[in-house]
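# Coordinate analysis (summary)
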Amino acid sequence: MSSKEWPLWEIFIRSKQGLSHKHVGSLRAADAQMAIDNARDVYTRRSEGISIWVIESKLVTASDPDESAEFFEPSESKIYRHPTFYNVPDGISHM
Amino acid sequence: MSTKNIEELEREFQAKIDADIKIEPNDWMPEGYRKTLMRQISQHAHSEIVGMLPEGNWITRAPSLKRKAVLLAKVQDEAGHGLYLYSAAETLGLDREKSIDDLHSGKAKYSSIFNYPTLTWADMGTIGWLVDGAAIMNQVPLCRCSYGPYARAMVRVCKEESFHQRQGFEIVSLLANGTAEQKQMAQDSLNRFWWPALMMFGPNDDNSPNSAQSIKWKIKRSSNDELRQQFIDVTVTQAEMVGLTIPDKDLKWNEARGSYDFGTINWEEFNQVIQGNGPCNKERIDARRNAKENGAWVREAANAFAEKRKKKELTH
């Protein structure tokens with residue numbers, strides 16, 4: 001009845017307190033707990049992590065790379081959002 | 001959706017490659033690029049998994065608890081490397097189970113080196129030193145491969161491999177500096193593994209038809225012969241340092257080239273092993289097949305347990 005393939009999980013690891021979880025790869029497991037157990041063995045054999053998040057890959061919604069130029073254009077054209085856009089006169093500091 | 005024609009897409013793709021922009025899973029890529037990578041990454045994954053077998057042979061017979069712990073850790077790393085690589089191949093649309101079945105039916109290939117037997121403890125040293133050494137030589141340039149998930153997997157693999165090579169060299173140098181029998185055991189092991197290790201880099205460049213395209217796509221970053229030469233040049237000195245002799249009477253320093261000249265590789269042997277006629281091909285595939293068949297109930301039990309746990313959560 002259950003010879004079906006284990007689902008794919010995306011693995012995120014926090015390497016130390018103060019840093020966010022970062023995607024490190026994926027693996028297959030029967031359920032979330034097993035994904036966490038396997039992720040410990042596959043991705044943290046050398047103390048690379050202190051916390052693991054797992055999420056089933058099929059639940060991830062991603063932006064479309066074919067439309068990334070249009071999609072991210074609004075931020076490309078707004079160079080005035082960066083401090084380097086502005087002239088600071090010589091002699092002014094702490095700014 | 002994009003309305004560009006295939007020539008435009010291919011031109012843009014090559015421009016990205018030329019500009020060293022990595023390709024990621026959902027990006028458009030030519031079918032040939034996808035197929036080449038799927039073949040290469042899955043073969044690489046199979047090699048890691050089959051590569052556990054020759055060393056697994058010695059875990060219960062390691063000469064000390066320390067060596068046993070080290071060997072276990074190394075073999076566990078190989079399993080991990082196989083998993084990183086299968087996952088990387090899955091991002092290209094590889095069907096993992098089918099790919100494993102292709103390995104078991106003999107349709108998919110893996111590195112020819114793992115079809116040689118591990119007859120003595122010295123072979124654990126030689127494998128780490130030469131086989132992992134050659135693998136590192138191959139894999140370091142792959143960290144700059146154009147396909148993001150493969151390159152990232154290689155970075156992890158290379159970080160972990162360097163311990164593999166060092167522990168192997170340590171075993172070899174201890175034996176080489178031990179009793180006459182121990183030194184002989186190390187020499188005998190080097191004699192058996194030297195040529196198969198050189199074959200790990202694949203056929204000569206003028207005999208490797210797909211290499212040019214792979215280099216253009218930056219899947220491969222160096223040619224087979226370049227990597228083989230690099231490997232020989234660094235390894236000869238290491239052998240001299242521990243007082244072992246490379247089993248090649250044509251090996252000679254070439255001042256003009258700044259490299260070692262070496263003898264002719266027995267490509268007939270290489271082809272025989274690739275085609276399934278090496279000393280251990282059948283044994284290796286049988287072991288993998290048995291592992292999958294005899295482990296089926298574990299995978300089924302895990303599924304049943306997951307379903308049970310899910311039901312329990314729903315009723316809470």
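These remarks concern the structure in this document. (Residues numbered from 1 in each chain as written. Chains lettered and ligands numbered in written order. Predicted model: local features only at pLDDT ≥ 70, side-chain atom pairs only at ≥ 80, totals over all residues. Heavy atoms only, no water.)

## Brief notes about the overall build of chain A
Selection rule: Helix numbers and strand numbers start at the N terminus; a helix is a DSSP run of H or I with at least 4 residues, a strand a run of E with at least 2. The rule is simple: take the accessible area with a 1.4 Å probe, protein chains only, and divide by the maximum for that residue type; under 20% is buried, over 50% is exposed, in between is partly exposed. Lys and Arg are tallied as positive, Asp and Glu as negative. Neither His nor the chain termini are counted. Where a charge lies is defined by one atom per residue type: Lys uses NZ, Arg uses CZ, Asp uses CG and Glu uses CD.
From N to C terminus, chain A includes two helices and three strands. Its helices and strands in sequence order give chain A the pattern β-β-α-β-α, from N to C terminus. In terms of overall dimensions, chain A has C-alpha extents of about 75 × 35 × 15 Å along its principal axes. Within chain A, the proportion of its 95 residues that are buried is 25%. When the 11 positive and 14 negative side-chain charges of chain A are each reduced to one mean point, those points stand 9 Å apart.

## Let's talk about the interface of chain B and chain A
Threshold: Any two residues having at least one pair of non-hydrogen atoms within 4.5 Å are treated as being in contact. Values labelled buried area give the accessible surface lost by two parts on being combined, using a 1.4 Å probe and summing over both. Salt bridges are defined as contacts in which a side-chain nitrogen from Lys or Arg sits within 4 Å of a carboxyl oxygen from Asp or Glu. What qualifies as a polar contact is a pair of N or O atoms within 3.5 Å, subject to a donor-acceptor requirement within protein and to the restriction that residues adjacent in sequence count only when both atoms come from side chains. Amino acids are sorted into nonpolar (Ala, Val, Leu, Ile, Met, Phe, Trp, Tyr, Cys and Pro), charged (Asp, Glu, Lys and Arg) and polar (every other residue, Gly among them).
Chain B puts 25 residues into the contact, and the matching count from chain A is 23 residues. Of the roughly 2100 Å² buried between chain B and chain A on both sides combined, carbon and sulfur atoms contribute 47%. The three residues of chain B that bury the most area against chain A are R156, N303 and R309 of chain B, which together make up 23% of that side's buried surface. Between chain B and chain A we count eight salt bridges in total. Where chain B meets chain A, there are 14 residue pairs in polar contact (both at pLDDT 80 or more). Counting only elements with at least two residues in the side of chain B that touches chain A, the list comes to α4 (65-90), α5 (96-105), α7 (148-176) and α13 (296-315) of chain B. Across the side of chain B that touches chain A, the residue classes tally to seven nonpolar, six polar and 12 charged.

## Regarding the pattern of salt bridges
Under the defined criterion, the tally for this structure stands at 35 salt bridges over all chains. For the salt bridge of D20 of chain B with R221 of chain B, the shortest nitrogen-to-oxygen distance reads 4.0 Å. Of the two residues, D20 of chain B is situated in the loop between α1 (6-18) and α2 (31-50) and R221 of chain B in the loop between α9 (211-216) and α10 (224-242); the sequence distance between them amounts to 201 residues. R221 of chain B gets classed as partly exposed once you look at its relative accessible area, which sits at 24%. Of the charged contacts, one joins R67 of chain B and E170 of chain B as a salt bridge, the two residues approaching to 2.9 Å between their closest N and O atoms. Here R67 of chain B, found in helix α4, pairs with E170 of chain B, found in helix α7; they are 103 residues apart in sequence, far enough to count as distant. Put simply, E5 and R28 of chain A together with E90 and R96 of chain B are held in one network by salt bridges that share partners.

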